[in-house]
Amino acid sequence: LIGQFGVGFYSAFLVADKVTVTSKCNEDPVQHVWESTADASFTVVPDPRGNTLGRGSRVTLHLKEDAHDYLSEDKLKEASKKYSQFIQFPIYVKVKKEVDVEAEEDDDDDDKEDEEEKDDVETKDDEEKEEEKDAKKKPMKKTVFEWEQVNTQKAIWMRAKEDVTEEEYTEFYKSISKDYLDPLAYTHFNAEGEIEFKSILYLPKKAPFDMMDNYHSKKSEVKLFVRRVLVAEKFDDLLPRYMNFVRGVVDSDDLPLNVSREQLQQNKIMKVISKKLVRKVLELMKKLAKEEESGGDDDEEKDEDEEKSDKAEKKEEKKEKSGEESTWTKFWKEFNKNLKMGCYEDDSNRSKLSKLLRYLTTKSEGKEISLDKYLDRMQESQESIYYMSGDSIHVMLKAPALQIFKKKDIEVLMLSDHLDEPCLQKLADYEGKKFVSIQKADVKLDESEEEKKRFSKVKDMFKPLTDWWKETLTELTEKGAMKDAGVKIEKVEISKRLTDSPVVVVTSQFGYSAQQERVMKAQAFQNKEQISMMSGRKTLEINPNHPIIADLLAKVKASKANSAAKDTAAVLFQTALIESGYEIADPSALVNRVYRLMSKE
């Protein structure tokens, strides 16, 4: 039967023991009845009732016992609306309704009774007569059956963009997404070429509260239609995971209707559709981002053409506008994590996504800026894009690693989100400029020949201290109080990044930063060996201009076995670890040293 009549028709036997099809062709005077019980056979006979249809067909399903819920009006309406809401021809469901009907005039029997009781009626008061009339006029409930159309909503994606109003787009979004808010933005397009399809895609105003809870298992919320018949409400590979917040519809005439979803997912046409949808969503985001960046410039151009008398008013309007959030700012607040995940996962679109990223910087005054704007403000001699990561902007601005960048007036990206650093590490560079963490040992800054010579002299002067300190810390981390901390010392050297603080701890180029270490240690299924391996060897940088370091050099030159010098060196290292954002395994050892130093004073 499947081979002869198709999967769609055969699915009727999932709920029916027997299916009867009555059909009348306009050119044939005889009406026929087709009948089958899904036993690999069927019968076709002339209808003994004669021509009851006139023309057309009627399908009758003799339902199984466990499928009687399909006799319910609500169930029929729900199924029809879900899968055939946008079918062009009307679909009607017979519904039961109760209507109010006015009481009809009394029958002949009632008239006779009235005549017999005429004398009694005459004795009644006028008030009683009025009450009786009102009672007769009260409406009565009557049950009627009517055909109600269930697919009243039109497929607006089939119409030209110019013919669809904003209200219709908004209403359509709310009907498919079940969202109470208006959409933030949308794109309506027809794809032409090797594959043709029509689509409307929406960006919501608010992110779902559980958006990141089931990130890896959540499916795309774009509905897939084939010739206006719903094929899938949620589809695995229609959009990548990081775009699972996008709502909308896709309707293609090129896809087969009579295959399973599993087969459809393997279809090459689906891959082409998916690629075009991703491109359109990224174009919509790019458009919103450009509108935000060009908004200020447009206002300035308009101000030049304004008359002087209106300048004061325009300034006030400008202030009000600047207080309002742009569409892109609203979107970024809600969905920035998705874009960062996309930047991490989507190799083919990483460069496009990087242009949408926004970060706070040391010069942005609390406003997130694009990487393009950072490049525009870079110093001419600057060869890298500098960044640092931490729990909060407030803490990062006090970090010792930032001191030289403040002094040289170099802008630094501030990464406070856990996804920021992995995202930039995947990007590696932007427009030919490499991303460099100022919390790692490989930072190189522009120096004059005089500065290089001075640094070389200072390095030789403090060599006894750096060598001694390296030995002291190696003993402390491998045999002493910090042997269980997993900290490995690479070297102790003179710092080029410190101006105020005496010391700072930085990690190796490919090791975890302090922020990444904290994130990895917070994982439920952490691998301690892997964290220890990826933490990287630490470098202690010292500030030769700080009095504590100068005093320590004098003590070491006098005696390398000085216990007070060793305590000071250990305390400085541990406090530098804490200030740089790292954890110390044994806080009590640090506390005891501090107490010991305080008691000596």
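Everything that follows concerns the structure shown earlier in this document.
Now for a quick tour of the structure. (Residues numbered from 1 in each chain as written. Predicted model: local features only at pLDDT ≥ 70, side-chain atom pairs only at ≥ 80, totals over all residues. Heavy atoms only, no water.)

Quick look at the pattern of salt bridges
Then step 1. The final tally for this structure, using the stated rule, is 25 salt bridges.
Then step 2. The salt bridge involving lysine 363 is made with aspartate 409; its shortest N-O contact spans 3.3 Å. A residue pair is termed long-range when its members are at least 10 positions apart, and lysine 363 in the loop between β12 (358-361) and β13 (369-370) and aspartate 409 in the loop between α15 (403-407) and β15 (413-415) qualify at 46 residues.
Then step 3. A salt bridge links arginine 497 to glutamate 541; its shortest N-O distance comes to 2.9 Å. Placement of arginine 497 in the loop between β18 (489-494) and β19 (503-507) and of glutamate 541 in strand β20 (residues 538-542) is noted, with a sequence separation of 44 residues between them. Considered together, arginine 497 and glutamate 541 belong to a single accessibility category, that of buried residues. (Salt bridge = Lys/Arg side-chain N within 4 Å of Asp/Glu carboxyl O. Helix = DSSP H or I, 4+ residues; strand = E, 2+ residues; numbered from the N terminus. Buried < 20%, exposed > 50% of the residue type's maximum accessible area, 1.4 Å probe, protein only.)

Notes on the nonpolar core
Then step 1. Core analysis: the largest hydrophobic core is formed by 73 residues, its most contacted members being Met285 and Leu413.
Then step 2. Tallying contributions element by element places helix α9 (residues 268-305) first for this core, with 11 residues.
Then step 3. Not counting residues up to four positions away in its chain, the partners in contact with methionine 285 are Leu203, Phe245, Trp328, Phe331, Leu339 and Leu356. (Core = buried A, V, L, I, M, F, W, Y, C linked by side-chain atoms within 4.5 Å. Contact = heavy atoms within 4.5 Å.)

Quick word on unusual backbone geometry
Then step 1. At alanine 428, a residue that is not glycine, the phi angle is positive and equals roughly 70°.
Then step 2. Unusually for a residue other than glycine, glutamate 431 sits at a positive phi of about 50°.
Then step 3. Mapping glutamate 431 onto the fold places it in the loop between β16 (429-430) and β17 (433-437).
Then step 4. Glutamate 431 gets classed as exposed once you look at its relative accessible area, which sits at 52%.

Description of the sheet that holds strand β4 (residues 56-63)
Then step 1. One open sheet accounts for four strands, arranged β3-β2-β1-β4; its pairing is antiparallel. Two strands in the sheet have a free side with no partner beyond their single neighbour: β3 (43-46) and β4. The sheet shows a mean angle of 20° between the axes of neighbouring strands, taken without regard to direction.
Then step 2. Sheet topology places strand β2 (residues 32-36) next to β3; four bridges connect them, and they run antiparallel. Directly across from valine 33, in β3, lies its bridge partner valine 45. (Pairing = 2+ DSSP bridges. Axes fitted to C-alpha atoms, helices over the stretch in contact; angles between N-to-C directions.)

Some details on the packing of aromatic side chains
Then step 1. This structure, assessed with the given rule, holds 13 aromatic pairs.
Then step 2. The interplanar angle of 35° and the centroid separation of 5.2 Å between the aromatic rings of tryptophan 328 and phenylalanine 331 together place this pair among those described as tilted. Placement of the pair is tryptophan 328 and phenylalanine 331 together in helix α11 (residues 327-345), with a separation of three residues, close to one helical turn.
Then step 3. Three or more aromatic residues joined by ring pairs make a cluster, and in this case those are Phe245, Trp328, Phe331, Trp332 and Phe335.
Then step 4. In this structure, lysine 75 packs its charged tip against the face of tyrosine 70, placed 5.3 Å from the ring centre.
Then step 5. A cation sits over an aromatic face here: lysine 496 above phenylalanine 455, 4.6 Å from the ring centre. (Phe/Tyr/Trp six-rings, centres within 6.5 Å; stacked < 30°, edge-to-face > 60°. Lys NZ or Arg CZ within 6 Å of the ring centre and 35° of its normal.)

Observations regarding the sheet that holds strand β10 (residues 229-232)
Then step 1. Strand order in the open sheet made by the five strands is β7-β8-β11-β9-β10, with mixed pairing throughout. Edge strands, defined here as strands with exactly one partner in the open sheet, are β7 (185-191) and β10. Between one strand axis and the next, the sheet turns through 20° on average, direction left out of account.
Then step 2. As defined by bridge partners, strand β9 (residues 221-226) adjoins strand β11 (residues 247-252) across six bridges and the pair is classed as parallel. Bridge pairing in β11 places lysine 223 opposite valine 249.

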